[in-house]
Amino acid sequence: MSTIPDSADVVVIGAGIVGNCLVGHLAQHGWRHIVQVDKGPLPDPGGSTGHASNFIFPVDHGKELALLTLDSQRQYEEMGVQTTSGGIEVARTPERVHELKRRMSAAKAWGVESYLLNADEVKELVPFINHEIVLAGFYTPSVSVVDSLRAGTIMRERAQELGALTSMASTEVLDIETDNGRVAGVKTDRGDIATPTVVIACGVWSPRIAQMAGATIPLTPAVHQMIDVGPIPELLDTRAEIAFPIVRDMDTLMYERQNGGDMEVGSYAHRPILHRADDIPSIEEAQLSPTQMPFTQEDFDPQMEDALELFPEALTVEGAGVRHAINGLLSLTPDGNPILGETVEVKGLWSAAAVWIKEGPGVGRALAEWMTHGEPEIDLHGADVARFYPHQRAVAHVEARTSEGFNKTYGIVHPREQWASNRPLRTSPFYPRQQELGAVFYEVGGWERPQWYESNAGLVTEFDVESREHEWDARWWSPITNGEHLAMRDRVTMIDLTAFALFDVIGPGALDYMQHMTVAQLDR
């Protein structure tokens, strides 16, 4: 067993897809004294990377995640670990058909080849699907399956070939030492490492590791149920890991995909099943792995009925049965985005958490750029750990929002849709009066701010405000808003600015920076 180094330029905690890609990209950016530790064995230390379904749908409504995913696919392809299968998101309802049309717009925006199919065309690509209950399909030929464990090994090896990496498996982190608000070192069960920089890339365990340094990474481990059914002759006959497009049954919040001679069925429709990082079993205690929890059949039974409706013949063929079933753990965050960047509490302590397989290599590259050059090529503001206010880091808030968000994984989510859980948290002195006036609130930074007042409904007629014809455009909106804006032009208006943030910009160059940002003379 090799000896652990007593110092390093950076210690990366975690050897899943994110940690492995990060050490590879750090080495490519010139870092030379990198130490990677993981308490599990390699190449599969027992985290989510080892059991995840490993498929990639590249289309996302958000630019940030779409660009990270597309970059990841390019890297997986370059490493030779990607199998392109194509994928179809099917619609059972008219509402979902409209959503698929919106996804076509997103695909066009990000340059991803996609097509809107009718039910017969879906049947041509997936001959064993029950197309009679399908209204339409969103087909993306570039959907793929990747070998994330092999990809991780390749990235580690590349760093090692550059003489930049010492990778220490079966090494548990006991503490992260700090000095005056900065990282000073890492204590492990095999020795101590002095270092000014630590990256937490250990998935569902991230909150526990961050707490060692007095920092917070607001995520929670949550269950995603998966089963394998087989053997299925039609799949066995292909003699391939995957020969048919992956199907996302979006309205039932499920997916089905070939896995050799089996069909894997995964669900995001069951009740939210949350865990705490401290309650995850150790490698020695786990039946399969720490993140493969015992399967709870009663949670999956309703979803199995939906799967049987879509694939009645394949899933009930003679001789087929459930061969593998788990409650797999993944990381959920209060807003569904990854948690990246330097923590706000401790300098030199970075987060690379809540990242899915589809974004792993892209996040590894972007974070390495950020740590090396001060900013990444892809704008990661939506994933920046600093986006969370203190109250949003509280366990109660994290669990409330993730419980609400879990069943929205495949949901139709409007860009103006508001979170309902754990509200109200922060209200201004005017809040009771605003309620009396019929305020419809939206949340910003935890504050309740009025979008419009129902008591101003008369302004719609007074100013002849037009309604929005399409229901999607009119959702989470009111013509009263336009009436209020028009009234403000002619009348006295009081605006509550309680929720506005105040920033102290201090230090050398602060004045020049602010004058550049505001294009104004601020030296008064």
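Residues numbered from 1 in each chain as written. Predicted model: local features only at pLDDT ≥ 70, side-chain atom pairs only at ≥ 80, totals over all residues. Heavy atoms only, no water.

**Some words on the overall build of the protein chain**
Looking only at helices and strands, the protein chain has 16 helices and 23 strands in total. The C-alpha atoms of the protein chain give a radius of gyration of 25 Å, which matches the 24 Å a tight globule of 524 residues would have. Seen through its principal axes, the protein chain has C-alpha atoms that stretch 75 × 65 × 40 Å. Considering the protein chain as a whole, with its 524 residues, one finds that 51% of them fall into the buried category. Accessible surface for the protein chain amounts to roughly 24,200 Å². Of this, 51% is attributable to carbon and sulfur atoms. Positive and negative side-chain charges of the protein chain, numbering 41 and 75 respectively, have mean locations separated by a distance of 4 Å. (Helix = DSSP H or I, 4+ residues; strand = E, 2+ residues; numbered from the N terminus. Rg over C-alpha atoms; globule rule 2.2 N^0.38 Å. Buried < 20%, exposed > 50% of the residue type's maximum accessible area, 1.4 Å probe, protein only. Areas by Shrake-Rupley, 256 points an atom, 1.4 Å probe, with all protein chains shown as cover. Lys, Arg positive; Asp, Glu negative; His and termini not counted. Charge placed at Lys NZ, Arg CZ, Asp CG, Glu CD.)

**Some details on the sheet that holds strand S14 (residues 220-230)**
Within the open sheet, the 9 strands sit side by side as S6-S7-S5-S15-S16-S17-S14-S19-S18. Their pairing is mixed. The strands lining the two open edges of the sheet, one partner per strand, are strand S6 (115-117) and strand S18 (292-293). In the sheet, strand S5 (residues 87-91) pairs with strand S15 (residues 246-249) via 4 bridges, with the strands oriented parallel. From the neighbouring strand, Glu 89 faces S15, where its bridge partner is Arg 248. Together, S14, strand S17 (262-267) and strand S19 (321-332) form the strand contacts of helix H11 (residues 395-406), whose direction differs from that of S14 by roughly 30 degrees. (Pairing = 2+ DSSP bridges. Contact = heavy atoms within 4.5 Å. Axes fitted to C-alpha atoms, helices over the stretch in contact; angles between N-to-C directions.)

**Quick look at unusual backbone geometry**
Excluding glycine, a negative phi dihedral is what most residues carry, and trans is how most peptide bonds are arranged. Looking along the chain, the bond that leaves Leu 42 and enters Pro 43 is cis, with omega of 15 degrees. Relative to the assigned elements, Pro 43 resides in the loop between strand S2 (34-37) and strand S3 (55-56). With an omega of -5 degrees, the peptide bond between Gly 230 and Pro 231 qualifies as cis. Locating Pro 231 in the fold gives a position in the loop between S14 and helix H7 (233-236). A positive phi angle, close to 50 degrees, is found at Val 519, a residue other than glycine. Along the chain, Val 519 falls in the segment after helix H16 (510-518).

**A word on the pairing of strand S12 (residues 191-194)**
Bridging between strand S11 (residues 182-188) and S12 involves 4 bridges; their strand directions are antiparallel. Residue pairing in the sheet places Thr 188 in a bridge with Gly 191 of S12. The antiparallel pairing of S11 with S12 creates a hairpin that spans 2 residues between the two strands.

**Regarding the sheet that holds S11**
Overall, antiparallel pairing links the 3 strands, which are arranged S10-S11-S12 in an open sheet. In this open sheet, the two strands that pair with only one neighbour each are strand S10 (173-179) and S12. When the angles between neighbouring strand axes are averaged without regard to direction, this sheet yields 20 degrees.

**So, the nonpolar core**
Counting residues in each nonpolar core, the largest one holds 40 residues, and the members touching the most others are Val 12, Leu 26, Ile 34, Tyr 76, Val 199, Leu 367 and Met 371. Elements with a contribution of two residues or more to this core: strand S1 (10-13), helix H1 (17-28), helix H2 (63-79), helix H5 (148-161), strand S21 (349-353) and helix H10 (360-373). Those residues in contact with Met 371 that sit more than four places away from it in its chain are Val 10, Leu 22, Leu 26, Trp 31, Thr 197, Val 199 and Trp 350. (Core = buried A, V, L, I, M, F, W, Y, C linked by side-chain atoms within 4.5 Å.)

**With respect to a nonpolar patch on the surface**
On the surface, Met 488, Ile 495, Leu 497 and Phe 500 cluster together to form a nonpolar patch covering roughly 390 Å² of accessible area. Structurally, Ile 495 is set in the loop between helix H15 (479-488) and H16. (Patch = residues over 30% accessible without salt bridge, like charges linked within 9 Å, V, L, I, M, F, W, Y side chains within 5 Å. Salt bridge = Lys/Arg side-chain N within 4 Å of Asp/Glu carboxyl O.)

**With respect to the environment of Glu 443**
Secondary-structure assignment places Glu 443 in strand S22 (residues 439-444). Here Glu 443 falls in the buried class, since its relative accessible area comes to 16%. Residues Glu 443 and Ser 144 lie 299 residues apart in sequence; the distance between their C-alpha atoms is 37 Å. If near-sequence neighbours (up to four positions away) are discounted, Glu 443 is found in contact with Arg 401, Gln 418, Trp 419 and Arg 423. Of the polar contacts made by the side chain of Glu 443, one reaches the side chain of Arg 401; its length is 3.1 Å. (Polar contact = N/O pair within 3.5 Å; in protein donor to acceptor, adjacent residues only side chain to side chain.)

**Some words on the pattern of salt bridges**
It is possible for side chains of opposite charge to pair when their charged atoms get near one another. Counting across every chain of the model gives 26 salt bridges. Residue Asp 335 is joined to Arg 387 by a salt bridge in which the shortest nitrogen-to-oxygen separation is 2.7 Å. Here Asp 335 is found in the loop between S19 and strand S20 (339-342), whereas its partner Arg 387 is found in the loop between H10 and H11, with 52 residues between them in sequence. A salt bridge links Glu 448 to Arg 423; the nearest nitrogen and oxygen atoms lie 2.5 Å apart. Remark: Arg 423 occurs in the loop between H11 and helix H12 (431-436) and Glu 448 occurs in strand S23 (residues 447-453); sequence separation between them is 25 residues. Residue Glu 448 is classed as buried on the basis of its relative accessible area, which comes to 6%. Overall, the relative accessible area of 24% leaves Arg 423 in the partly exposed class.

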